[in-house]
There are 2 protein chains.
Amino acid sequence: MLEKIGTFHFETASYLLDFRGKATIPMIGNYLMHAAWNHASRRGFGFADMTEKRSMWVLSRLAMEVTRYPEASEPIQLHTWIDEVGRLFTNRCFEMVDRNGAPIAYARSIWAAIDLQTRRPIPLNEEGLKVYLADKTCLIDKPGKIPSIENETQGIDYKVKYSDLDINGHFNSIKYMEHLIDLFDLELFRKKEISRFEIAYLSEGAYNMPLTLHLKEASPDTYLMAICHEGKAICRAKTVWGRFLEESNEINKKT
Amino acid sequence: MLEKIGTFHFETASYLLDFRGKATIPMIGNYLMHAAWNHASRRGFGFADMTEKRSMWVLSRLAMEVTRYPEASEPIQLHTWIDEVGRLFTNRCFEMVDRNGAPIAYARSIWAAIDLQTRRPIPLNEEGLKVYLADKTCLIDKPGKIPSIENETQGIDYKVKYSDLDINGHFNSIKYMEHLIDLFDLELFRKKEISRFEIAYLSEGAYNMPLTLHLKEASPDTYLMAICHEGKAICRAKTVWGRFLEESNEINKKT
């Protein structure tokens, strides 16, 4: 049996960093997907295994907290493990660690399995998954319920495009993040960092689906977001902005 | 001295593939950028070296031809080398090879160096670059002149967003490709493959810049594209669609 905790190595690609030279939320999201995908595949419950059983994994909720964003060509390690298995949902955690072994981000994700044909949830292989339950602490709160804002805000129109689709032909989970993050004004990125990002996927987006993108400042530095189709949310998100950690970045550059 | 031809290894990330389970043009574009970036850095003329001299590389033109698109978790090798050095431009070539050593794609790119302050072209370090000139054949035509279409077509409005920006704060070269490719209807991807994609970058896009995206079928399977700002093209592109290589893909799956 493979070890319960999977560890993956990355080096941030400079040509993918944002205008500040930092990793973006969707980029970190892609690292998480990479780790989840490969951790599961190597342990017999990955994409191919699920397809064989005419099923697939769908990401239901994700929360991440970043204390320091990786910078150009920075080597990072990502640990991932399963910390809960229920009848219909399983929880997967992530810890991102820098070259000095210091944690710089945590994430929690909730996954369900659906039938490829009916697109409805199916019971998980609880026994098979529980073998890999790991006893490691994930230092952030679980993804919670995100309040609705679609009726109080004017949305921005968007249509799902070729580049938004994943291998299953649905709106790619990471692309939801990208379109939501793009709702913020660039000024905010100059002054602050996203300290917590949380997203709940409610239903699948498809090609050419007309959507509206919603944003509302709920309290200082806390924003609620939604992506809607015909007035109904297919996804909700919440972003908390924190202090711009300029000093800690300066320290990091010197080491 | 390092060898003239740089070789880079990738494995296509399944969660980044398109709805057909194939690598996309922007994804291949990112592989090219990765190889170019690292080939240059390791030989003393990379991003950091250029920044030190208050200059940077800008991609001026790129052409790629793909005979077979990489599929899920496929290991690929990318060779890159310099095949021409002029006073203001240098040509970099790429060859993408599959696990059996068969070439599946070629690309040619033309780069200029600009001054970080004035944003104007500066003479290249010809002697330094010529040391790495490699004598390897790149089997595709150079990027050529792309006809203007902006006056004959109605553009689609687009504004440059946070996720479109690169580390220099300008419209990311790969994101231009993504927005252009998204102009095609999904039906086309079901029937055909892009066999040649060519792009010319004319001026820099910036945050919030209002743009229009243009597409015109010039002849059967050949499309001209442009991205304009205030009616003037900041980028032109050309896409040639080829026969859908279903058979060769089937053969590949079996090996």
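Residues numbered from 1 in each chain as written. Chains lettered and ligands numbered in written order. Predicted model: local features only at pLDDT ≥ 70, side-chain atom pairs only at ≥ 80, totals over all residues. Heavy atoms only, no water.

Mapped onto the secondary structure, Lys175(A) falls in helix α4 (residues 173-181). According to the relative accessible area criterion, Lys175(A) is buried, its value standing at 10%. Taking C-alpha positions, Lys175(A) is 18 Å from Arg108(A), a pair spaced 67 residues apart along the chain. The residues touching Lys175(A), leaving out its near neighbours within four places in the chain, are Ser163(A), Asp164(A), Lys175(B) and Glu178(B). (Helix = DSSP H or I, 4+ residues; strand = E, 2+ residues; numbered from the N terminus. Buried < 20%, exposed > 50% of the residue type's maximum accessible area, 1.4 Å probe, protein only. Contact = heavy atoms within 4.5 Å.)

This part is about unusual backbone geometry. Working note: non-glycine residues mostly have negative phi, and peptide bonds are mostly trans. Phi at Arg54(A) takes a positive value of approximately 55 degrees, unusual for a residue other than glycine. With respect to the helices, strands and loops of the structure, Arg54(A) is situated in the loop between α2 (47-52) and β2 (55-66). Take Arg54(A): its relative accessible area is 56%, and that puts it in the exposed class. Not every positive phi belongs to a glycine, and Asn208(B) is a case in point at roughly 70 degrees. By the secondary structure assignment, Asn208(B) is in the loop between β8 (192-201) and β9 (210-219). By relative accessible area, Asn208(B) is classed as partly exposed at 37%.

Here the focus is the confidence of the model for chain A. Residues and elements named next belong to chain A. Chain-level pLDDT for chain A is 93 on average; 95% of the residues reach the 70-or-more range. With pLDDT under 50 throughout, residues 247-255 is counted as low confidence; its partners more than four residues away or in other chains account for eight contacts. Across the predicted assembly, pTM comes out at 0.92 and ipTM at 0.92. (pLDDT = per-residue confidence, 0-100.)

Residue and element names in this part refer to chain A. Taken as a whole, this structure holds 36 salt bridges over all chains when the rule is applied. Between glutamate 126 and lysine 130 there is a salt bridge; the shortest N-O distance is 3.5 Å. Of this pair, glutamate 126 and lysine 130 are both found in helix α3 (residues 126-130), four residues apart, which corresponds to roughly one turn of the helix. The residue lysine 175 makes a salt bridge to glutamate 178 at a minimum N-O spacing of 3.4 Å. Of the two residues, lysine 175 and glutamate 178 are both situated in helix α4; the distance of three residues between them amounts to about one turn of the helix. (Salt bridge = Lys/Arg side-chain N within 4 Å of Asp/Glu carboxyl O.)

To continue, consider the nonpolar core. Counting residues in each nonpolar core, the largest one holds 136 residues, and the members touching the most others are Phe197(A), Ile199(A), Phe197(B) and Ile199(B). Each residue touching Ile199(A), except ones within four places of it in the same chain, is listed here: Ser60(A), Arg61(A), Leu62(A), Ile146(A), Tyr176(A), Met177(A), Leu180(A), Cys235(A), Arg236(A) and Ala237(A). (Core = buried A, V, L, I, M, F, W, Y, C linked by side-chain atoms within 4.5 Å.)

All right, on to the relation of the copies chain A and chain B then. Rotating chain A by 180 degrees about the axis while translating it 0.0 Å along that axis superimposes it on chain B, leaving an RMSD of 0.0 Å. Such a combination of turn and shift is consistent with a two-fold rotation axis. Across chain A, the rotation axis passes nearest the C-alpha of Tyr158(A), at a separation of 5.4 Å. Taken as a fraction of all interface residues of chain A, those also at the interface in chain B reach 100%, which identifies the copy contact as same-surface. (Least-squares fit on C-alpha atoms with pLDDT ≥ 70 in both.)

Residue and element names in this part refer to chain A. Running from N to C, helix α1 (residues 25-42) and α4 point in directions that differ by 165 degrees, and their axes come no closer than 9 Å. Classed by the angle they form, the pair α1 and α4 counts as roughly antiparallel. Where α1 crosses over α4, the handedness of that crossing is right-handed. Together, Ile25, Pro26, Gly29, Asn30 and Met33 of α1 and Ile174, Met177, Glu178 and Ile181 of α4 make up the contact between the two elements. Considering only residue class, the contact of α1 with α4 consists of six nonpolar, two polar and one charged. (Axes fitted to C-alpha atoms, helices over the stretch in contact; angles between N-to-C directions. Parallel < 35°, antiparallel > 145°, perpendicular 65-115°, else oblique. Left-handed = near helix turned anticlockwise from the far one by under 90°. Nonpolar A, V, L, I, M, F, W, Y, C, P; charged D, E, K, R; others polar.)

Let's shift gears to the packing of aromatic side chains. Evaluation of the coordinates by the stated rule reveals 22 aromatic pairs over all chains. Among the aromatic side chains, those forming a connected cluster through ring pairs are Phe19(A), Phe184(A), Phe189(A), Tyr223(A), Trp241(A) and Tyr162(B). Over the face of the ring belonging to Trp81(A) we find Lys136(A), whose NZ or CZ atom lies 5.3 Å from the ring centre. (Phe/Tyr/Trp six-rings, centres within 6.5 Å; stacked < 30°, edge-to-face > 60°. Lys NZ or Arg CZ within 6 Å of the ring centre and 35° of its normal.)

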